[in-house]
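# Architecture at a glance
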Amino acid sequence: MTQEEESNSPTPVELDNKSVAEPYRGKKVRFWVLLLLSMVIFGNQYAFNNPQALEKSIEHDLGIKETAYDMLYTAFSLPNIFASFILGYLIDYLGVRTGIVTLAVGITLFQLVIAIGGYAYSYKTILIGRILFGIASESLVTAQASMVSFWFKGKELALALGIAITFPELGNALNSW
């Protein structure tokens, strides 16, 4: 294969997405995909804000000060300065579907690490879980936006992204309620 033929041939990710989305683009299944993607991010944001709802209990039960509590949010955010670039590249390379499934499973497992840390009254375990959860969480949001843009085109895309962004905010609000 010549270099010109290689540059014009679709990547495995492009082939993967066209084979799934194209036949359904005009059908209602797209909205089910949007709902499922939005629910994944809803759960992600709900889990992200668990420490906020439990602040006093965490500080009391673990015997930590407010600064150490605040570190739970810093640990979530700090690694994403670089991790989002790396995982964004991997999502492009491996495919959005693979990325979403892998990251959603990772978020579930990392939230389990946080819960085990809370059960064992281990601040270090909770902190490690928050770091890992943060890396997977922010990359999942990137993958979700990419998947929505595959299923919705043109004038529908802004509405679909708006709906996708609304669900995580509902997760934030419900956890803080």
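Residues numbered from 1 in each chain as written. Predicted model: local features only at pLDDT ≥ 70, side-chain atom pairs only at ≥ 80, totals over all residues. Heavy atoms only, no water.

### Considerations on the pattern of salt bridges
- This model, assessed by the stated rule, comprises one salt bridge.
- Between Glu156 and Arg30 there is a salt bridge whose closest N-O contact spans 2.6 Å. Taken as a pair, Glu156 in helix 10 (residues 155-176) and Arg30 in helix 3 (residues 29-48) lie far apart in primary sequence, 126 residues in all.
- Assessed through its relative accessible area of 35%, Glu156 is described here as partly exposed.
- Take Arg30: its relative accessible area is 5%, and that puts it in the buried class. (Salt bridge = Lys/Arg side-chain N within 4 Å of Asp/Glu carboxyl O. Helix = DSSP H or I, 4+ residues; strand = E, 2+ residues; numbered from the N terminus. Buried < 20%, exposed > 50% of the residue type's maximum accessible area, 1.4 Å probe, protein only.)

### Digging into helix 5 (residues 55-62)
- Turning to helix 5, its buried residues number three or more, namely Ile58, Glu59 and Leu62. All buried residues of helix 5 fall inside an arc of 95° around its axis, so they share one side. In helix 5, the exposed residues that point more than 90 degrees away from the buried face are Lys56 and His60.
- Contact partners of the buried residues in helix 5: helix 4 (50-53), helix 6 (66-77) and helix 9 (123-151).
- Backbone geometry just after helix 5 places Gly63 at a positive phi near 65°. (Arc of directions from axis to C-beta. Contact = heavy atoms within 4.5 Å.)

### Considerations on the nonpolar core
- Leu72, Ile100, Phe133 and Val148 are the most contacted members of the largest nonpolar core, which totals 32 residues.
- With 10 residues, helix 9 is the largest single contributor of residues to this core.
- If near-sequence neighbours (up to four positions away) are discounted, Phe133 is found in contact with Asn44, Ala47, Phe48, Phe76, Ile107, Phe110, Gln111 and Ile114. (Core = buried A, V, L, I, M, F, W, Y, C linked by side-chain atoms within 4.5 Å.)

### Examining the packing of aromatic side chains
- This structure, assessed with the given rule, holds seven aromatic pairs.
- Between Phe31 and Phe152, the aromatic rings sit 5.3 Å apart at their centres with planes inclined by 65°, giving edge-to-face as the arrangement. Pair noted here: Phe31 is in helix 3 and Phe152 is in the loop between helix 9 and helix 10, with a separation of 121 residues, a long-range link.
- By relative accessible area, Phe31 is classed as partly exposed at 40%. (Phe/Tyr/Trp six-rings, centres within 6.5 Å; stacked < 30°, edge-to-face > 60°.)

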